[in-house]
Amino acid sequence: MFSEKREELDQQITMLNERGTSNFFYSSIRLYKGVENTLKAEAKEILEEVPEQIAENKADLMDALEFSTLARKEFEYFQSQDPKFKSKVHIRNDVNILMVSRGELYIPADYKMGRAEAKALIQHEIGTHVLTFYNGKQQPLTQLSVGLADYDPLQEGIAVLSEYLVGGLTANRLRILAGRVIAGAALLEGADFKSIFNMLFREYGFSKERAFNITSRMLQGGGFLKDIIYLKGLVELKEYLENDGELEALLAGKFALKHLDVINELTQRNILKKPVLKPRYLEHESVNLKINKIRKGLPLSKMINQ
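Please read these numbers as outputs of a predicted model, since none were measured by experiment. (Residues numbered from 1 in each chain as written. Predicted model: local features only at pLDDT ≥ 70, side-chain atom pairs only at ≥ 80, totals over all residues. Heavy atoms only, no water.)

1. A word on the overall build of the chain
Helix and strand counts for the chain stand at 13 helices and 5 strands. Computed over its C-alpha atoms, the radius of gyration of the chain comes to 19 Å, within 12% of the 19 Å expected for a compact globule of 306 residues. Oriented by its inertia axes, the alpha-carbon framework of the chain measures out at about 55 × 50 × 45 Å. Residues counted as buried form 50% of the 306 residues belonging to the chain. In the chain, the share of contacts with a sequence separation of at least 24, taken over all contacts with a separation of at least 6, comes to 74%. As displayed, the chain has an accessible area near 15300 Å², and 49% of this comes from carbon and sulfur atoms. Of the side-chain charges in the chain, 42 are positive and 42 negative, and the distance between the mean point of each set is 3 Å. (Helix = DSSP H or I, 4+ residues; strand = E, 2+ residues; numbered from the N terminus. Rg over C-alpha atoms; globule rule 2.2 N^0.38 Å. Buried < 20%, exposed > 50% of the residue type's maximum accessible area, 1.4 Å probe, protein only. Contact = heavy atoms within 4.5 Å. Areas by Shrake-Rupley, 256 points an atom, 1.4 Å probe, with all protein chains shown as cover. Lys, Arg positive; Asp, Glu negative; His and termini not counted. Charge placed at Lys NZ, Arg CZ, Asp CG, Glu CD.)

2. Observations regarding the side chain of Lys254
On the secondary structure map, Lys254 appears in the loop between α11 (229-242) and α12 (260-268). No salt bridge is formed by the buried Lys254; the nearest opposite charge belongs to Asp152, separated by 7.9 Å. Filtering out sequence-adjacent residues up to four positions away, Lys254 remains in contact with His129, Thr132, Phe133, Leu144, Ser145, Val146, Gly147, Leu148, Tyr151 and Gln155. (Salt bridge = Lys/Arg side-chain N within 4 Å of Asp/Glu carboxyl O.)

3. Details of the sheet that holds strand β2 (residues 89-92)
Here we have 3 strands laid out as an open sheet, ordered β2-β4-β3, and mixed in their pairing. Pairing within the sheet leaves two strands with one partner each, and these edge strands are β2 and β3 (99-101). Looking at each pair of strands side by side, their axes are set apart by 30 degrees on average, direction ignored. Relative to strand β4 (residues 104-108), β2 runs parallel, the two being bridged by 4 bridges. By the bridge assignment for β4, Ile91 is matched with Ile107. Sheet strands in contact with helix α5 (residues 115-137) are β3 and β4, and its direction is about 20 degrees off that of β3. (Pairing = 2+ DSSP bridges. Axes fitted to C-alpha atoms, helices over the stretch in contact; angles between N-to-C directions.)

4. Remarks on the nonpolar core
Grouped burial of nonpolar side chains is what soluble globular proteins tend to show. Grouped together as the largest cluster of nonpolar side chains are 90 residues, with contacts concentrated most on Phe67, Leu161 and Leu231. When residues of this core are assigned to their parent elements, the largest contribution, 10 residues, is made by helix α8 (residues 171-188). When sequence neighbours within four positions are dropped, the list of residues in contact with Leu161 reads Leu234, Leu237, Leu241, Leu247, Ile294 and Met303. (Core = buried A, V, L, I, M, F, W, Y, C linked by side-chain atoms within 4.5 Å.)

5. Some details on unusual backbone geometry
Trans peptide bonds make up the majority, and among non-glycine residues the majority have a negative phi. Unusually for a residue other than glycine, Arg102 sits at a positive phi of about 50 degrees. Relative to the assigned elements, Arg102 resides in the loop between β3 and β4. Take Arg102: its relative accessible area is 59%, and that puts it in the exposed class. The backbone of Asp150 shows a phi angle near 65 degrees, a positive value even though the residue is not glycine. With respect to the helices and strands, the residue Asp150 is situated in the loop between α6 (143-146) and α7 (152-165). With a relative accessible area of 23%, Asp150 lands in the partly exposed category.

6. Description of the pattern of salt bridges
A complete count under the given rule lists 19 salt bridges for this structure. Here Lys40 ties to Glu189 by a salt bridge, and the two come within 3.2 Å at their closest N and O atoms. In this pair, Lys40 is assigned in helix α3 (residues 37-49) and Glu189 in the loop between α8 and α9 (193-203), connecting sequence segments 149 residues apart. Glu189 gets classed as exposed once you look at its relative accessible area, which sits at 61%. Among the salt bridges present, the one from Glu52 reaches Arg210, with a minimum N-O distance of 3.1 Å. Of this pair, Glu52 sits in the loop between α3 and β1 (61-63) while Arg210 sits in helix α10 (residues 208-219), placing them 158 residues apart in sequence. One continuous salt-bridge network, built from bridges that share partners, spans Glu4, Lys33, Asp150 and Lys258.

See below:
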């Protein structure tokens, strides 16, 4: 596991020096493993089955300060489970995306979001990323706090699943995740910015703004495939749950599904600990009903909350 991580770090450091060159894209393929045909097929099915929705009411928006209040309440919920838990919310002028870094939440000062989106973001960022950082930090193998190699797809898969479990995974959100996969597949086939944008806009019905945002993210640095991992992780997590896998076992730190057998063995031998913190949504009976639907084969295109 340590050798895998050392190799991944080496690839990432190399990519930093390759930004803006064709080599950056090739390193991105090595790091994120490209787009499998099955993943592309899932993305196409979502885009064919789920139409784009009209934008939310712009008057019903939450600002950074109000969102930070929700975040602190979630931190208080974690403290009720473990008094040693400490984390901060930062509202900053020098960040332009909502993000978690080393277990702390950073919010752009001018950030605004819909109220339904806010509920989903709390569980995505705090109920998944902050939680697994803290749980991993409690482990003797502290690398589990920052992540073993290839941990990203599972992390983002759990985070997106949490959006669905709390009723915040919208049609447009799921379409964007699928659109990123389609854009990544097109990039791998040699498509340029203009052709990817036109494909998303004309063939798959994205608004011009969403088509532009997806395309520009995919082309950053010379071609960056990281955005495919959100849907990839959700597909892999869905298959895991269909095979009677337990969600709670995945919250003990940041790792990939391929590491789960080792994680389980070390936990059974009392070398690793079970998750110290659990997300709030696991308290609700409705979550069990939703997970059971997934176990019975609920299609991704039906995993949306109206």
